[in-house]
Amino acid sequence: MNPITHSIRAVRTGKKVVIYAFLLGFALFILSPFAVIIVSAFGEGWFGARWLPESWGIRWFQWAFQMTDLVQVTMNSFVIAALTIVISLLIGVPTAWAIGKRKLRAKELLIALILLPRMIPELTYALGTAKIFYTLDLINTHLGVALAHSTITIPYVVLIMSATFEALEQRVIDAGGVCGANWFQRFLYLVIPMSMPGILAAVIFVFVTSFNEFTLSMMTYGPQTVTLPIQTYLSIGDGYKEVASAISVILLIPSILILGVIVKQIKPENLSGGVKGL
Amino acid sequence: MRNPSSGFLIFISMQFKKDNLLTLLLLFPGLVFFIGLFIYPLCITFTNSLTISNHTGYSLQNYIDLLSSAKYWNVIGITFVLAISTTILSVLIALPLALILRKRVKGHTFIRLLILLPLTVLALISALGLLIVWDKNGWVNLFLTQVLPFIDEPLKINYTLYGLILFYAWLYSPHTILMTLSSIEGIDRNVEQAATITGAKPFEVFRYITLPLSMSGIRSGSVMTFLLAFGAFNVPLIAGGNYRPLTVAIYTEAGVFNNWPKASALAIIMGILEIIFILIYFKLTKKRSAA
């Protein structure tokens, strides 16, 4: 073999090794916390410098169900997420329509204003929200926690839906009007089906945000409205890493399901969206 | 006598007003939300910060107390160090990863899936897992001491500043990665090929073509990472140890010492600091992209 092609080949394999070492490192970095939680939840007698536990079992799961009301907590999380979706859509969609479809003078300023709750750290206004909710008796109610969550989900709904509405083909809607459909029929049979991908993206987004929200729940929750993140925090605070791991394994299931839906339904970069236009 | 054209004009102007009214009506729920759930709580936090517990009347005493105490300057410093280091580290992870992934190497779909994991899983679970993995007896230290020949002592990572930055990067770098990836994959490859053909070296292509063209994605992604790292609350709460950023300090003030006015003052300071930082950041990056 010619020495030049030989050295080129060597450089190429060297490059490949570096690339795959980087990818492997990244994969291990991301995956190791999950692997360790599963091992610690099912393992018994895992102390000191050992790679794996002495024996396996489901003791920590039994403990987890005895120590906390996991079924109720999961229900709370789902009810609050559903309420947040309804509130966010009811408030966000009309605003999004006004921004996407109507002539507005200071549109950019309006969008910047709407994004403010997302830009400013939640605690800044969460302290005030907690104070107000105490006087209105909204603390420790599902509605109260959902309203608090809506503060950060509505900006995303407005953002996603106004972009969706703006991209709608106005001629199709006009054609519907020419054929005799009134505004309600046009909305029901034309606008909603045509903007379904956007609505779905918004719903998934609101669900994930509400399901994972910690700060605002922390300021507005009570004994009857403990959500999954709050319960995880309380369990970690109790000091049993194994029990907390067992609860975490149960909590991982909905998160993985959500991940599956996201991969199928929406563009991943929309997840961190919001400041894209700035 | 009425001429028909003026009647038409009146009709148009009426139409216009009715249109405006409808727009306002559509904006109304959004407005109510914005004022009721954001502006009003913000004002309550602010007025609350001007009171002193067990006293009546308003004063700036809380702010004077906070800003004249070295303890709180330390807290502010730690918050900034954490947020900026996390942003830098996430860009350093995001750029090579995006450059590799756009070549669609084997297994790239799996890596893309992994990027989404930190976004969908509860941050507290991840923090718990990270604490166990990077523990003194955790897998990372086992690997370092047992597999690598030149390290004997386990490294102390948990509850240190470096460890916290690492955990933050695990949680918030996906935002930078996703935005960088989407802008790098949006670049027209012909432009880079044209540069290569006209004699640019690979590094020059990266420096003068790829990097400027993907700057908008890197910028918006890193802003998002910075904002999240600055306001991060749950991770430092359980993994921070002695390093308390602003959020934890606020929570301790309100929840543990039950001193809501002081907590509110600290929260207002945090909000103002973040807004100032964002404005500076946008000014800097705009200038650079214009040059």
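Here the residue numbers are simple positions, counted from 1 along each chain's written sequence. The naming scheme follows written order: chains are lettered A onward, ligands numbered 1 onward. Per-residue local features of the predicted model are confined to residues with pLDDT of at least 70, and side-chain atom pairs are confined, for both listing and counting, to 80 or more; whole-chain, interface and lining totals are unaffected and use all residues. To obtain the side-chain values, all non-hydrogen atoms of the structure were included, while hydrogens and water were left out.

Going by an unreviewed UniProt entry, chain B carries the name ABC transporter permease subunit and comes from Paenibacillus rhizophilus. UniProt positions are given in the numbering used here, feature names are shortened, and annotations may be inferred rather than shown by experiment. Per its UniProt entry, chain B bears the Sequence similarities (unreviewed entry) comment "Belongs to the binding-protein-dependent transport system permease family. CysTW subfamily."

Per an unreviewed UniProt entry, chain A is named ABC transporter permease, and its organism is Paenibacillus rhizophilus. Per its UniProt entry, chain A bears the Sequence similarities (unreviewed entry) comment "Belongs to the binding-protein-dependent transport system permease family."

Our focus in this paragraph is the UniProt feature "transmembrane region" (unreviewed entry) in chain B. All names here are of chain B. Mapped onto the present numbering, the UniProt feature "transmembrane region" (unreviewed entry) falls on residues 21-40, 72-101, 113-134, 154-172, 223-243 and 263-282. For the annotated span residues 21-40, helix accounts for 100% and strand for 0% of the residues, and the straight-line distance between the end C-alpha atoms is 25 Å. Numbered from the N terminus, helices here are DSSP runs of H or I no shorter than four residues, and strands are runs of E no shorter than two. In the segment residues 72-101, helix accounts for 100% and strand for 0%; the C-alpha atoms at its two ends are 43 Å apart.

This part takes up the UniProt feature "transmembrane region" (unreviewed entry) in chain A. Residue and element names in this part refer to chain A. Sequence positions flagged by UniProt for "transmembrane region" (unreviewed entry) are, in local numbering, residues 17-42, 77-97, 109-134, 146-168, 188-211 and 243-263. Along residues 77-97 one finds 100% helix and 0% strand; the C-alpha atoms at either end are 29 Å apart. Secondary structure over residues 243-263 splits into 100% helix and 0% strand, and the C-alpha atoms at its two ends are 31 Å apart.

Feature annotation in UniProt assigns "domain: ABC transmembrane type-1" (unreviewed entry) to the following positions: residues 76-281 of chain B. End C-alpha atoms of residues 76-281 of chain B are separated by 18 Å, and the span's content is 78% helix alongside 0% strand.

Right, let's get into the interface of chain B and chain A. The contact rule is simple, with two residues in contact once any of their heavy atoms fall within 4.5 Å. Each partner contributes residues to the interface: chain B has 82 residues there, and chain A has 87 residues. Note on terms: buried area is the combined drop in 1.4 Å-probe accessible area of two parts once they are placed together, counting the loss on both. Here chain B meets chain A over a buried area of about 7,800 Å², counting both sides, of which 81% is carbon and sulfur. Salt bridges are defined as contacts in which a side-chain nitrogen from Lys or Arg sits within 4 Å of a carboxyl oxygen from Asp or Glu. On the surface where chain B and chain A come into contact, there are 0 salt bridges. Under the grouping applied here, Gly and all other residues not named as nonpolar or charged are polar, the nonpolar ones being Ala, Val, Leu, Ile, Met, Phe, Trp, Tyr, Cys and Pro and the charged ones Asp, Glu, Lys and Arg. In terms of residue class, the side of chain B that touches chain A is built from 61 nonpolar, 17 polar and 4 charged.

Residues and elements named next belong to chain A. An automatic or database domain assignment supplies the start and end points of every domain. Along its sequence, chain A is organised into domain 1 (3-57) and domain 2 (68-272). Taking only C-alpha atoms into account, the centre of domain 1 sits 36 Å from that of domain 2. Listed per partner, the contact involves 6 residues of domain 1 and 7 residues of domain 2. Between domain 1 and domain 2, the buried area comes to about 500 Å², and carbon and sulfur atoms account for 75% of it.

Another aspect to go through is a positive patch on the surface. Only residues whose relative accessible area exceeds 30% and that form no salt bridge are eligible for patches; like-charged ones are grouped when within 9 Å, while nonpolar side chains (Val, Leu, Ile, Met, Phe, Trp, Tyr) are grouped when within 5 Å. Reported accessibility uses the Shrake-Rupley method at a 1.4 Å probe radius. Residues are deemed covered only where the shown protein chains occlude them. His is not counted, nor are the chain ends, whereas Lys and Arg count as positive and Asp and Glu as negative. Charge positions come from single atoms, namely NZ of Lys, CZ of Arg, CG of Asp or CD of Glu. Together, Arg 9, Arg 12 and Lys 15 of chain A together with Lys 103 of chain B line one region of the surface with positive charge. Relative to the elements of secondary structure, Arg 12 of chain A occurs in helix α1 (residues 3-42). With a relative accessible area of 63%, Arg 12 of chain A lands in the exposed category. Only protein chains enter the accessibility calculation, which uses a 1.4 Å probe; a residue is then buried when its area is under 20% of its type maximum, exposed when over 50%, and partly exposed in between.

Judged by side-chain polarity, Ile 38, Phe 42, Trp 51, Leu 52, Trp 56 and Ile 58 of chain A together with Phe 143 and Val 147 of chain B come together as a nonpolar surface patch covering roughly 770 Å² of accessible area. Those elements that place two or more of their residues in the nonpolar patch are α1 of chain A together with α6 (139-147) of chain B. Mapped onto the elements of the fold, Phe 143 of chain B is located in helix α6. Here Phe 143 of chain B falls in the partly exposed class, since its relative accessible area comes to 40%.

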